[in-house]
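Here is what each chain is made of, one letter per residue.
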Amino acid sequence: DTGVSQNPRHKITKRGQNVTFRCDPISEHNRLYWYRQTLGQGPEFLTYFQNEAQLEKSRLLSDRFSAERPKGSFSTLEIQRTEQGDSAMYLCASSFKGNWANEKLFFGSGTQLSVL
Amino acid sequence: QKEVEQDPGPLSVPEGAIVSLNCTYSNSAFQYFMWYRQYSRKGPELLMYTYSSGNKEDGRFTAQVDKSSKYISLFIRDSQPSDSATYLCAMNLPSGNTPLVFGKGTRLSVIA
């Protein structure tokens, strides 16, 4: 168990380009979350998966954003036609959710996106 | 009104001081309360996890929840320069099937 891994750590792109980020969760965790964080703000929820099913998407998530978690393992977050307002830290977190209500999220180090 | 309010600071204290960090919230249905620590350019790290009202202590850290006032606190005793970080409160509903809601975070500097 090496924790939640995110790649790349940094991404610089030009406005209008597409970008894709990858998250590898802790291996026994069944839930995977994507959050976005801008400077001076707390993480904002984007979407989450339980195994391979995407259970909820925030209304913050525009049509340009898509996330997948094939086979319930790693996940990718793609942003199409990037805009300068997409510049942020994209955080992935995973957890094990059983039949009990409580749940502890473990975060990766994030991917810092800069759109020029 | 945001669901979770947290003073962003910055808060600067001398080494050895007792630090008090706080959050207020508006949704009385929140039952699970967490504190995360985030170092610069790193992801948040879970520090304390409490359920409903009461206190929880772990080493130099104490988390308090007052549901009647919708107010949670994190106390750090004998603060160290290594405690310098942003502290985020987070909370969740009883079902556990909704995402965590975070405060903005309070930036803390402990000066040696």
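It should be noted that the structure appears before, not after, this text.
Calculation notes
- Residues numbered from 1 in each chain as written.
- Chains lettered and ligands numbered in written order.
- Predicted model: local features only at pLDDT ≥ 70, side-chain atom pairs only at ≥ 80, totals over all residues.
- Heavy atoms only, no water.
- Helix = DSSP H or I, 4+ residues; strand = E, 2+ residues; numbered from the N terminus.
- Rg over C-alpha atoms; globule rule 2.2 N^0.38 Å.
- Buried < 20%, exposed > 50% of the residue type's maximum accessible area, 1.4 Å probe, protein only.
- Contact = heavy atoms within 4.5 Å.
- Areas by Shrake-Rupley, 256 points an atom, 1.4 Å probe, with all protein chains shown as cover.
- Pairing = 2+ DSSP bridges.
- Axes fitted to C-alpha atoms, helices over the stretch in contact; angles between N-to-C directions.
- Disulfide = S-S within 2.5 Å.
- Core = buried A, V, L, I, M, F, W, Y, C linked by side-chain atoms within 4.5 Å.

J.: Give a detailed account of the overall build of chain B, specifying residues and quantitative values.
T.: Counting secondary structure elements, chain B contains 0 helices and 11 strands. Across chain B, helices and strands are ordered from the amino to the carboxyl terminus as β-β-β-β-β-β-β-β-β-β-β. Taken over C-alpha atoms, the radius of gyration comes to 13 Å for chain B, in line with the 13 Å a tight globule of 112 residues would show. Its C-alpha atoms give chain B principal-axis dimensions of roughly 40 × 30 × 25 Å. When each of the 112 residues of chain B is scored for burial, the buried share is 45%. Relative to all contacts within chain B whose residues are 6 or more apart in sequence, the contacts with residues 24 or more apart total 55%. Only carbon and sulfur atoms are counted for the fraction: they give 48% of the accessible area of chain B, which is about 5200 Å².

J.: Kindly report on the sheet that holds strand β6 (residues 54-58) of chain B, identifying the contributing residues and their values.
T.: Residue and element names in this part refer to chain B. Spatially, β1-β3-β8-β7-β6 is the arrangement adopted by the 5 strands of the open sheet, whose pairing is antiparallel. One side of each edge strand has no neighbouring strand; the edge strands of this open sheet are β1 (4-6) and β6. Strand after strand, the sheet turns through a mean of 15 degrees between neighbouring axes, direction not considered. In this sheet, strand β3 (residues 19-25) lies alongside β1 in antiparallel orientation, the contact comprising 3 bridges. Opposite glutamate 5, over in β3, you have threonine 24 as the bridge partner.

J.: Explain the sheet that holds strand β8 (residues 75-79) of chain A to me, using residue names and the numbers behind them.
T.: Residues and elements named next belong to chain A. Strands sit in the order β1-β3-β8-β7 across an open sheet of 4 strands; the sheet is antiparallel. The outermost strands of the open sheet, each flanked by one partner alone, are β1 (5-7) and β7 (65-68). The average undirected angle you get between the axes of adjacent strands in this sheet is 15 degrees. Sheet analysis places β7 next to β8, joined by 4 bridges and oriented antiparallel. When the sheet's bridge partners are listed, serine 66 is paired in β8 with glutamate 78.

J.: Mind laying out the state of the cysteines, listing which residues take part and the relevant values?
T.: Tallied over the entire structure, the rule returns 2 disulfides over all chains. Here cysteine 23 of chain A pairs with cysteine 92 of chain A through a disulfide, and the sulfurs are 1.9 Å apart. Its S-S torsion of about -70 degrees marks the bond between cysteine 23 of chain A and cysteine 92 of chain A as left-handed, since a negative value means left-handed. With a gap of 69 residues between them, cysteine 23 of chain A in strand β3 (residues 19-24) and cysteine 92 of chain A in strand β9 (residues 88-95) connect regions that are remote in the sequence. Taken individually, cysteine 23 of chain A and cysteine 92 of chain A each receive the classification buried, so the pair is uniform in this respect. The disulfide bridge from cysteine 23 of chain B ends at cysteine 89 of chain B, spanning 2.0 Å between sulfur atoms. Judged by the sign of its S-S torsion, about -100 degrees, the bond between cysteine 23 of chain B and cysteine 89 of chain B is left-handed. In this pair, cysteine 23 of chain B is assigned in strand β3 and cysteine 89 of chain B in strand β9 (residues 85-92), connecting sequence segments 66 residues apart. Taking relative accessible area as the criterion, cysteine 89 of chain B reaches 0% and is therefore assigned buried.

J.: A description of the environment of arginine 81 of chain A should follow, citing residues and the corresponding values.
T.: Residues and elements named next belong to chain A. Its place among the elements puts arginine 81 in the loop between β8 and β9. The spatial distance from the C-alpha of arginine 81 to the C-alpha of arginine 15 is 6.9 Å, given a sequence separation of 66 residues. In contact with arginine 81, not counting residues within four places along its chain, are Gly16, Gln17, Asn18 and Arg64.

J.: How would you sum up the nonpolar core? Please name residues and give values.
T.: Grouped together as the largest cluster of nonpolar side chains are 24 residues, with contacts concentrated most on Trp35, Ile72, Leu74, Tyr87 and Met91 of chain B. Elements with a minimum of two residues in this core: β3, β4 (32-38), β5 (45-51), β7 (61-66), β8 (71-76), β9 and β11 (106-111) of chain B. Other than its neighbours up to four places away in sequence, leucine 74 of chain B contacts Val19, Ser20, Leu21, Trp35, Leu47, Met48, Phe61, Thr62, Ala63 and Tyr87 of chain B. By size, the runner-up hydrophobic cluster in this structure holds 19 residues, among which are Ile26, Leu32, Leu46 and Cys92 of chain A.

J.: I'd like to hear about the side chain of asparagine 30 of chain A, residue by residue, with values.
T.: Looking at where asparagine 30 of chain A falls in the secondary structure, it is placed in the loop between β3 and β4 (31-37). With relative accessibility at 12%, the residue asparagine 30 of chain A sits in the buried group.

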